[in-house]
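# Residue-level structural notes
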Amino acid sequence: GEPTYIVMYSGGLSSYEAARRCIEKFGPDRVELWFADTNTEDPDLYRFNDDVERLLGKTIRRIAQIGDDGEELDIWGEMERWNVIANSMIDQCSSGLKRRPLRQLLRSEFDPDEAVVVIGFDNIEDCNRIRNARHHQRPYATYFPLLEGETPFKSKIIKELRSQGVEPPRLYTMGFKHNNCGGFCVKAGLGQMAHLLRELPEVYAYHEEREQRLRNRLIADGKGEHGIFKRQRNGKKTILTLRMIREE
């Protein structure tokens, strides 16, 4: 039989466009939309998901990780579970809440010849990411619909959504590049953190408090100084906490 196309849907414009192109090409019956929820998302992402379900005529399957207390984990719960503060080199949050659970689910429900993993990257983003994603998804085949046809500029996707009466996720209109983790990301640069502090100070304050709490725990456990960001000065690396970034 024909394989099922599983769209690794994030709630962003690129993954919406990947899903739309997939459904157009293969038909709705051969496409599934899987959304790994980090529980750190902007509230407007869920509104957008509801609109996308209506637009595409597909239910989005939500996947969340459960902690030891039976509650759903967010990125800080995941870091606390592993006793690590994630950073640009170790994205424990993304691997623990997104990549690993999606992969386990895929393996439990489909043999490699029964499913194709659909990912919403395009060449504008990074050819390396595409190569890594192909490697990571083996033995499942991967499909990148945004590499085909017209270049998927976000401004154009927003225009097409609005013509159908759907507003894009608000983070884009607030100047964020992605609709992931509510504008916060351990892999983001300091520029994005400054932008988050400016646009959503209460979200920034939440992450600052959680970083401090986990830092205190790691220091008390004798694991030394840890933080998401580092700064290099005179060849010496020092931790740059969210509190320090805010105060500067």
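So, here is what we can say about the structure in this document. From a predicted model like this one, the values you see are computed outputs, not experimental measurements.

## Description of the overall build of the protein
Helices and strands together make up the secondary structure of the protein, namely ten helices and seven strands. For the protein, the C-alpha radius of gyration of 19 Å lies close to 18 Å, the compact-globule estimate for 248 residues. A principal-axis box enclosing the C-alpha atoms of the protein has dimensions of 55 × 40 × 40 Å. Nonlocal contacts in the protein, meaning residues at least 24 apart in sequence, comprise 68% of its contacts between residues at least 6 apart. Carbon and sulfur atoms make up 48% of the accessible area of the protein, which totals about 12900 Å². A gap of 6 Å separates the mean positions of the 39 positive and 40 negative side-chain charges of the protein.

## Here's the deal with the pairing of strand β7 (residues 236–240)
Bridging between strand β6 (residues 229–233) and β7 involves five bridges; their strand directions are antiparallel. The partner of Arg 231 across the bridge, within β7, is Thr 238. Turn length for the β6-β7 hairpin, with the two strands adjacent in sequence and antiparallel, is two residues, and the turn residue Asn 234 shows positive phi of about 50°.

## As for the sheet that holds strand β4 (residues 115–118)
Spatially, β3-β2-β1-β4-β5 is the arrangement adopted by the five strands of the open sheet, whose pairing is parallel. Pairing within the sheet leaves two strands with one partner each, and these edge strands are β3 (60–63) and β5 (141–143). Neighbour to neighbour, the strand axes of the sheet diverge by 30° on average, direction disregarded. Strand direction decides the pairing type here: strand β1 (residues 4–9) and strand β2 (residues 31–36), joined by five bridges, are parallel. Looking at the pairing, Ile 6 lines up with Glu 32 of β2. Helix α4 (residues 92–109) contacts β1, β2, β3 and β4 of the sheet and is inclined by roughly 145° relative to β2.

## What about helix α6 (residues 154–163)?
By the burial criterion, the buried members of α6 are Ile 157, Ile 158 and Leu 161. Relative to the axis of α6, the buried residues are bounded by an arc of 100° and lie together on one face. The exposed residues of α6 that point more than 90 degrees off its buried face are Ser 155, Lys 159 and Ser 163. Gly 165 lies just past α6 and shows a positive phi near 80°.

## As for the pairing of β3
As paired strands, β2 and β3 are joined by four bridges and run parallel to one another. Counted as the bridge partner of Trp 34 is Arg 61 from β3. As a crossover connection, the stretch from β2 through helix α2 (residues 43–56) into β3 is right-handed.

## Overview of the packing of aromatic side chains
Taken as a whole, this structure holds nine aromatic pairs when the rule is applied. Between Tyr 5 and Tyr 143, the aromatic rings sit 5.9 Å apart at their centres with planes inclined by 75°, giving edge-to-face as the arrangement. Of this pair, Tyr 5 sits in strand β1 while Tyr 143 sits in strand β5, and the two are 138 residues apart along the sequence. Tyr 143 matches Tyr 5 in its accessibility class, with the two residues each being buried. Ring centres of Trp 76 and Phe 184 lie 6.4 Å apart, and the angle between their planes is 40°; on these two criteria the pair is classed as tilted.

So, how was this worked out
Residues numbered from 1 in each chain as written. Predicted model: local features only at pLDDT ≥ 70, side-chain atom pairs only at ≥ 80, totals over all residues. Heavy atoms only, no water. Helix = DSSP H or I, 4+ residues; strand = E, 2+ residues; numbered from the N terminus. Rg over C-alpha atoms; globule rule 2.2 N^0.38 Å. Contact = heavy atoms within 4.5 Å. Areas by Shrake-Rupley, 256 points an atom, 1.4 Å probe, with all protein chains shown as cover. Lys, Arg positive; Asp, Glu negative; His and termini not counted. Charge placed at Lys NZ, Arg CZ, Asp CG, Glu CD. Pairing = 2+ DSSP bridges. Axes fitted to C-alpha atoms, helices over the stretch in contact; angles between N-to-C directions. Buried < 20%, exposed > 50% of the residue type's maximum accessible area, 1.4 Å probe, protein only. Arc of directions from axis to C-beta. Right-handed = clockwise from strand over helix to strand, strands pointing away. Phe/Tyr/Trp six-rings, centres within 6.5 Å; stacked < 30°, edge-to-face > 60°.

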